[in-house]
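Okay, here's what each chain looks like letter by letter:
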Amino acid sequence: MKVPSYEQLFIGGRWQDPTGAGRIDVVSPHTEEVIAHAAAGSAEDVDAAVRAARLAFDQGPWPHLSHAERIAAVERFAAVYATHVDDMADLITAEMGSPASFSRLGQAAGAASMMHLAVQSANAFPWEERRNGVFGEVHLRRQPVGTVGIIIPWNVPQNLLMPKLIPALIAGCTVVVKPAPETPLDSLWVAEMIEQIGLPEGVVSVVPGGREVGEELVRHPGVDKIAFTGNSATGRHIASLCGEQLKRYSLELGGKSAAIVLDDAHIGKTVAGLKMAGLMNNGQACVAQTRILVSERRHDEFVDALAEMMTGLVVGDPADPDTDIGPLASRRQQHRVQDYIRSGVAEGAKMVLGGDDSPMDRGWYVRPTLFADAANDMTIAREEIFGPVLTVIKYTDERDAIRIANDSDYGLAGSVWTNDVAHGLEVSGQVRTGTYGINMYMLDISAPFGGFKQSGIGREFAGEGLAEYTELQSVVSAGRLPDR
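This structure is a prediction, so every number in the text was calculated from the model and none was measured. (Residues numbered from 1 in each chain as written. Predicted model: local features only at pLDDT ≥ 70, side-chain atom pairs only at ≥ 80, totals over all residues. Heavy atoms only, no water.)

Engineer: Please give an account of the overall build of the protein chain that cites residues and values.
Structural biologist: A count of helical and extended segments in the protein chain gives 15 helices and 22 strands. On C-alpha atoms alone, the protein chain measures out to a radius of gyration of 23 Å, which is about the 23 Å that the 2.2 N^0.38 rule sets for 484 residues. Along the three orthogonal principal directions, the C-alpha set of the protein chain runs to about 70 × 60 × 40 Å. Classification of the 484 residues of the protein chain by burial places 58% in the buried group. Residue pairs at least 24 apart in sequence account for 73% of intrachain contacts in the protein chain once pairs closer than 6 positions are excluded. (Helix = DSSP H or I, 4+ residues; strand = E, 2+ residues; numbered from the N terminus. Rg over C-alpha atoms; globule rule 2.2 N^0.38 Å. Buried < 20%, exposed > 50% of the residue type's maximum accessible area, 1.4 Å probe, protein only. Contact = heavy atoms within 4.5 Å.)

Written as structure tokens, this is what we have:
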């Protein structure tokens with residue numbers, strides 16, 4: 001496909017020239033060549049977008065429409081999006097190097113499904129309800145939280161945009177989206193689609209930019225809530241800034257998920273499942289199962305099987321449908337992952353395969369790397385690597401495995417691999433993570449998603465995700481409330 005460039009920003013529902021001369025060059029992770037560019041926002045552009053959103057919320061029709069009317073608008077948007085799913089997948093592959101097979105199912109098609117599931121949740125959501133109170137009936141009403149700043153990273157940009165944008169719109173909020181500078185194009189294309197469905201002026205803005213643009217959005221007094229996905233350090237900073245203003249926020253942050261392989265697990269099926277669960281999107285997934293916990297009794301056998309699977313991975317052009325592992329999204333990320341590989345060797349882990357040299361002459365590639373004989377206090381077991389690196393850690397018994405799984409600053413995801421699903425369910429209840437898989441790990445976008453500990457605050461998807469964009473109002477009356 002021809003990769004589009006954007007000379008303007010989408011502010012308040014209209015395309016406008018940026019106030020500055022800044023430009024974002026979008027570089028192919030595969031070729032290292034500039035493939036497109038986008039206008040870069042500034043503090044003044046953020047201010048204009050927030051003022052437009054604030055006016056649309058405080059005085060415009062959008063928050064006062066019925067839920068059915070807003071849902072109908074989202075359904076029109078979903079219909080437009082559905083005609084571009086394959087092209088959106090190709091665009092994301094070009095922008096950030098996600099293998100085409102994953103971009104199709106795990107990026108663009110997933111985002112399209114999220115819209116339909118959000119509509120289903122909205123139709124069943126308790127927007128208004130009655131309860132018995134001390135003085136009689138109490139009327140509860142879900143009101144929109146207000147103007148929302150959405151800040152998303154580059155790894156699965158559409159899958160991180162839609163669980164924020166769609167619930168916010170359905171709830172009656174107005175939004176300003178700040179995509180990552182590595183992947184501005186897909187969000188700007190979404191702005192084009194939104195323009196087609198004719199939302200009221202001011203409801204949606206898209207302002208790409210770097211850290212300083214995100215900082216301006218978080219600090220802006222006209223923003224009522226920040227919805228952020230990214231690393232935990234930035235999440236802590238956002239939480240502190242929002243706390244100063246008592247601004248609402250939801251944070252979907254990092255992970256260092258543990259896959260517990262019990263002795264009764266089928267090794268071949270487990271290794272096949274971990275190919276996706278541990279290495280999806282070139283390893284650039286916050287839910288990736290990157291700590292593999294295996295008993296001392298089956299460690300060597302399992303490592304051999306895992307190494308055989310990883311040796312057979314196809315590394316190369318992400319646009320090739322046969323590619324398993326494409327490039328990382330940026331040179332900085334490539335170097336960061338290579339540094340982690342060097343740290344694993346330096347701290348005494350056994351590197352079974354892989355290495356810190358690039359497997360390709362050009363492009364931001366990292367060799368799929370497997371460590372064994374690692375300890376849970378090593379850097380490669382503590383920190384989120386965000387690349388195609390798996391670390392195998394031995395445990396003595398099941399209690400020890402659960403202890404190791406919980407010995408982490410993070411609590412986003414996890415999995416257990418066993419022949420006994422009922423026992424797997426028991427294990428899941430002992431591991432402190434927000435999501436869990438038994439003999440698999442795939443994100444179920446119909447169920448609430450979020451983390452414990454430093455993996456975040458709040459939930460996305462389903463009714464719980466929709467509730468994040470509402471405020472609860474309680475109404476009591478001296479007289480009998482009318483029937484609904």
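Engineer: I'd like a rundown of the pattern of salt bridges, residues and numbers included.
Structural biologist: The final tally for this structure, using the stated rule, is 26 salt bridges. Taking the shortest distance from any N to any O, the salt bridge between D90 and R104 comes out at 2.7 Å. Of the two residues, D90 is situated in helix α3 (residues 85-96) and R104 in helix α4 (residues 100-124); the sequence distance between them amounts to 14 residues. The partner of R480 in a salt bridge is D483, with the nearest N and O atoms 3.6 Å apart. (Salt bridge = Lys/Arg side-chain N within 4 Å of Asp/Glu carboxyl O.)

Engineer: Report on the UniProt feature "domain: Aldehyde dehydrogenase" (unreviewed entry) in the protein chain, specifying residues and quantitative values.
Structural biologist: Here, the residues flagged by UniProt with the feature "domain: Aldehyde dehydrogenase" (unreviewed entry) are residues 15-475. A helix fraction of 41% and a strand fraction of 21% characterise residues 15-475, whose end C-alpha atoms lie 41 Å from each other. (UniProt positions renumbered as here; feature names shortened; annotations may be inferred.)

Engineer: I'd like a description of the nonpolar core, backed by residues and values.
Structural biologist: In terms of nonpolar packing, the biggest core is built from 103 residues, with F77, Y81, M162, L165 and L306 touching the most fellow members. Ignoring any residue separated from it by four or fewer positions in sequence, one finds F77 in contact with M115, M162, L165, I166, V190, M193, I194 and I197. (Core = buried A, V, L, I, M, F, W, Y, C linked by side-chain atoms within 4.5 Å.)

Engineer: So what's going on with helix α1 (residues 43-58)? Which residues, and what values?
Structural biologist: Taking 1.5 Å per residue, 16 residues should reach 22 Å; α1 reaches 22 Å between its end C-alpha atoms and fits that length. Taken residue by residue, α1 has D45, V46, A49, V50, A53, R54, A56 and F57 as its buried positions. Here the buried face of α1 lies against β1 (9-11), β6 (136-144), β7 (147-151), β8 (174-178), β9 (204-206) and α7 (211-219). (Expected span 1.5 Å × (residues − 1).)

Engineer: So what's going on with the sheet that holds β6? Residues and values would help.
Structural biologist: Here we have three strands laid out as an open sheet, ordered β5-β6-β22, and antiparallel in their pairing. A single partner strand is all that each edge strand has here, and the edge strands are β5 (128-133) and β22 (470-476). With direction set aside, neighbouring strand axes in the sheet form an average angle of 30 degrees. When β5 meets β6, the two strands line up antiparallel, connected through six bridges. When the bridges of β6 are listed, E129 appears paired with L140. (Pairing = 2+ DSSP bridges. Axes fitted to C-alpha atoms, helices over the stretch in contact; angles between N-to-C directions.)

Engineer: Pulling in residues and values, what's your account of the sheet that holds strand β13 (residues 289-295)?
Structural biologist: Pairing within the open sheet is mixed, and its seven strands lie in the order β14-β15-β16-β13-β12-β18-β19. Whereas interior strands pair on both sides, the edge strands pair on one side only; in this sheet they are β14 (350-353) and β19 (437-438). Looking at chain direction, β13 and strand β16 (residues 389-395) are connected through five bridges and run parallel. The residue bridging S295 from the neighbouring strand is Y395, located in β16. This element, helix α9 (residues 267-279), spans β12 (257-261), β13, β16 and β18 (414-417) of the sheet and lies at about 150 degrees to β13.

Engineer: Account for the environment of V213, with residues named and values stated.
Structural biologist: Structurally, the position occupied by V213 is in helix α7. V213 gets classed as buried once you look at its relative accessible area, which sits at 2%. Excluding residues that lie within four positions of it along the chain, V213 makes contacts with G41, S42, V46, K178, V207 and P208.

Engineer: Residue-level account of the packing of helix α5 (residues 157-171) against helix α6 (residues 185-197), with values.
Structural biologist: Put simply, α5 and α6 touch, their axes get as near as 10 Å, and they point 45 degrees apart. As summarised for this structure, α5 and α6 are arranged oblique, according to the angle between their axes. In terms of crossing hand, the pair formed by α5 and α6 is right-handed. Residue-level inspection shows P157, Q158, L161, M162 and L165 of α5 in contact with α6, the latter providing D186, S187, V190 and I194. Here the residues of the contact of α5 with α6 sort into six nonpolar, two polar and one charged. (Parallel < 35°, antiparallel > 145°, perpendicular 65-115°, else oblique. Left-handed = near helix turned anticlockwise from the far one by under 90°. Nonpolar A, V, L, I, M, F, W, Y, C, P; charged D, E, K, R; others polar.)

Engineer: Please set out the environment of A21 residue by residue, giving values where relevant.
Structural biologist: Its location among the elements puts A21 in the loop between β2 (14-16) and β3 (23-27). The spatial distance from the C-alpha of A21 to the C-alpha of E383 is 37 Å, given a sequence separation of 362 residues.

Engineer: Please give an account of the UniProt feature "active site" (unreviewed entry) in the protein chain that cites residues and values.
Structural biologist: The UniProt entry lists E252 under the feature "active site" (unreviewed entry), expressed in the numbering used here. Relative to the helices and strands, E252 is located in strand β11 (residues 248-252). You can call E252 buried: its relative accessible area is 4%. With near-sequence residues (within four places) excluded, E252 lies in contact with L160, F228, T229, G230, C286, L412, F449 and S455.

Engineer: Explain the packing of aromatic side chains residue by residue, including any values.
Structural biologist: This structure, assessed with the given rule, holds six aromatic pairs. Aromatic side chains F125 and W127 sit 4.7 Å apart centroid to centroid with 65 degrees between the ring planes, which places their arrangement in the edge-to-face category. W127 matches F125 in its accessibility class, with the two residues each being buried. These aromatic residues form a ring-pair network of at least three members: Y6, F10 and W15. Lying across the ring of Y469, K225 places its NZ or CZ 5.0 Å from the centre. (Phe/Tyr/Trp six-rings, centres within 6.5 Å; stacked < 30°, edge-to-face > 60°. Lys NZ or Arg CZ within 6 Å of the ring centre and 35° of its normal.)

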